[in-house]
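Read off the chains here:
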Amino acid sequence: MRKSKIILFLFFIFSVTIVKADEGMWLPQLLQKLNESRMKSLGMKISAADIYSINKGSLKDAVVSLGGFCTAELISSKGLILTNHHCGFDAIQNHSSLENNYLRDGFWAKTNKDELPNKGLFVTFIVRIDDVTRAVMNGVTPAMNEAERQSVIDKNIAAVQRNVQKQATQKSFVRGFFEANQYYLFVTETYNDVRLVGAPPSAIGNFGKDTDNWVWPRHTGDFSMFRIYASKDNKPAEYAEGNIPYTPKRALNISLKGIKENDFTLIFGFPGRTSEYLPAVAVEQIRTVSDPAKIAIREKALTIIDNYMRKDEAIKIKYAAKYASIQNAYKKWQGEVLGLTRTNAFAKKTNYEDEFQKRVDANPIWKTEYGNLLADFKTVYNNIEPYNLARDYYTEIFSKIELFSICARLKALQITYETKGETAFAERLKNIEPDLLHVLEEYNAEVDKKVAEALMEMYVQNQDKKYVSPEVLQALETTDGNFVAFINRLYSQTSLTNADSIEALLALPAAEAVEKIKQYDAIHLFSDVQSVYQNQVQKQQNIYQAYINKLQRSYMQAQMEVMKEKKFYPDANSTMRVTYGQVKGYNPRDAVYYKFQTTLDGIMEKYIPGDYEFDVPAKLISLYKTKDYGRYGENGKMPVCFIATNHTTGGNSGSPALDAYGNLIGLNFDRVWEGTMSDINYDPSICRNIMVDIRYVLFIVDKFAGATHLIDEMKLVQAGK
Ligand code: ARG
Ligand code: ASP
């Protein structure tokens, strides 16, 4: 008994101080203080100031947030940026039609004039990051309740924002870190004229599609290129024909040198969201309740949509982006459940908590302040469980049925009018109308009805009746519980899925439009669903969640005080981060080892002529046969993808992978199946990020597409500096 405790303790210390050393998404402005020496010991040849500096140009000036959901990087002095194919997917899809099928065939602008504008797409540069914790926390006291605390913080943030030094074209925002224990100010500059320059055919850019998504070994050329346009004086400007290619402060050099196992790598980007500091009880709830529920709902929707997409090319174009996004999280959650299970995340977290509790209990001050944290977590997570589940059902189901997502938008308009009046209505309409029309561009009535039949059945039958809308139940009674008949009637009686009727409706004066909105049966029904959700679920859930947030904040503070030997990094929150590691293969399971690199040979191994996922373009086959790889190949092979130990998440897609000298060696786009739980519990033994080798990108642009004018813009380097 004692011996096993000692072993457990040693294991714990070991896992905290050594194995976990390279976990983390670090703030670029703190690298020098926290990470530089470790990065150098892993082989990095540049300094922290070369990565982030506000006094001189640094690598950070070559990295942008793309559209708020992905990352991109500057690769030429003429504003050319590189990102993933799946990040550019929406743009490529919007320019695609059955006649000009850029999704299927690829697209390459021959000159600047041919580059295609994309409404709503933007890139954001980070000008600088300042620690404003002290100013934001000014006047906050432990005695305050949450509302009081938040109101002081909000006022302080507003003051910080008012006083920030910035240029007219720059913006700023303040965000909380470490569960709102620290605050940073970001000064940013956003460019709104971003044009599509090039994309490979989907058979390259999305090779292996959903079967290969989240999977290693991988062979996807997941890239596309855009260009930032600016006003004549290189400043941000709305789209205008006369805008000119942006001249960046910094563009990345591209390495042709290639990579070896254990090489140092660094990923620079905008990771979206992680939850690395949850208590064990929360992790267990995700693994056993929330993920499985969401997976089951998405599985139903995906099976239906997939069936139609395989049969009909027009539906395939319309639903491609939607399908990919539903499928993406669906598959990720499956990997997450598997990884959490296999790496015993619950036991690991529990061991950590036991050690935490022991140290807290041994110190009287800590004991009064933090002694009950873990017990309180257990109680509140038990209490919130049914509400979280009902929330998952509501959000997953009603966002997948387009008719209801249309109802939700119209209902929001109605409420805006009723609570804030005509001017606010008109303002809101500006966003909602294009949004609604976009939904309808990617809409097919038959597909939506089938999805609605299946998901409404889950909504009604899998839940406690107190979470189900009485009006839905009543409507169902009139069709004797028959979902097909119920949905058929609902859809046949509505004009809400018709773009012309929507336009006519929204062209009416506000008061009339609102009167009409209220009369639609579908909206009436949806209102009931929504109000049951708000009253039976959300109210109580919000109360519990606010309490959890408070506990989480104090748990974070406590860990930083109590677990002194551990280096903490803040959870991802869509702000700029650096993660570093080494190129490395891994053991996914007993007796199996995955190498770090794939090649074009593997594409030919996976090739299935005419297949929806694994077809290969004829031109690529012929380049393979003649081994015409130019300066991009290595020992007669064409490298395609590689993996490393960098800690990444959603939003890191499109992030540059840099070598020890800061040269571009790859483009991040995914993680391995066994390691998707890195968002909750990073495990260095199996968590790997997946990148396209930059040489494959260049090979496709140059040899496959013949877009040599783009290669000429870039700076290719052979060795180190
Ligand atoms: N899994 C990657 C990420 O999370 C790539 C997704 C795009 N590909 C796809 N087949 N859905 O975003
Ligand atoms: N594929 C993800 C993205 O789009 C990256 C990841 O989750 O690893 O950002």
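Remember, it's a predicted structure, so these values are computed and weren't measured experimentally.

A look at the nonpolar core
- M225 and L410 are the most contacted members of the largest nonpolar core, which totals 219 residues.
- For this core, the element with the most residues is helix α23 (residues 521-562), which contributes 14 residues.
- One finds I153, V160, V164 and L185 within the second-largest nonpolar core, a separate group that totals 10 residues.

A look at the site of ligand 2
- Neighbouring ligand 2 are the residues H86, W214, T649, G650, G651, N652, S653, F669, D670 and R671.
- A distance of 2.4 Å separates an oxygen atom of ligand 2 from a polar side-chain atom of S653.
- In this structure, a nitrogen atom belonging to ligand 2 sits 2.8 Å away from a main-chain N or O atom of F669.
- Protein contact buries 92% of the 270 Å² of open area that ligand 2 shows by itself.
- With three residues, strand β20 (residues 664-671) is the single largest residue contributor to the shell around ligand 2.
- Broken down by class, the residue content of the shell around ligand 2 amounts to two nonpolar, six polar and two charged.

Details of the site of ligand 1
- Around ligand 1 lies a shell formed by H86, N206, K209, D210, N213, W214, A324, N328, F669 and D670.
- One nitrogen or oxygen atom from the side chain of N213 is found 2.7 Å from a nitrogen atom belonging to ligand 1.
- Measuring from a nitrogen atom of ligand 1, one finds a side-chain N or O atom of N328 at 2.8 Å.
- Within the complex, the protein chains bury 90% of what would otherwise be the 340 Å² of accessible surface of ligand 1.
- Breaking the shell around ligand 1 down by element, the ones donating at least two residues are α10 (209-212), α12 (313-342) and β20.

Criteria and thresholds
Residues numbered from 1 in each chain as written. Chains lettered and ligands numbered in written order. Predicted model: local features only at pLDDT ≥ 70, side-chain atom pairs only at ≥ 80, totals over all residues. Heavy atoms only, no water. Core = buried A, V, L, I, M, F, W, Y, C linked by side-chain atoms within 4.5 Å. Buried < 20%, exposed > 50% of the residue type's maximum accessible area, 1.4 Å probe, protein only. Helix = DSSP H or I, 4+ residues; strand = E, 2+ residues; numbered from the N terminus. Near = heavy atom within 4 Å. Polar contact = N/O pair within 3.5 Å; in protein donor to acceptor, adjacent residues only side chain to side chain. Areas by Shrake-Rupley, 256 points an atom, 1.4 Å probe, with all protein chains shown as cover. Nonpolar A, V, L, I, M, F, W, Y, C, P; charged D, E, K, R; others polar.

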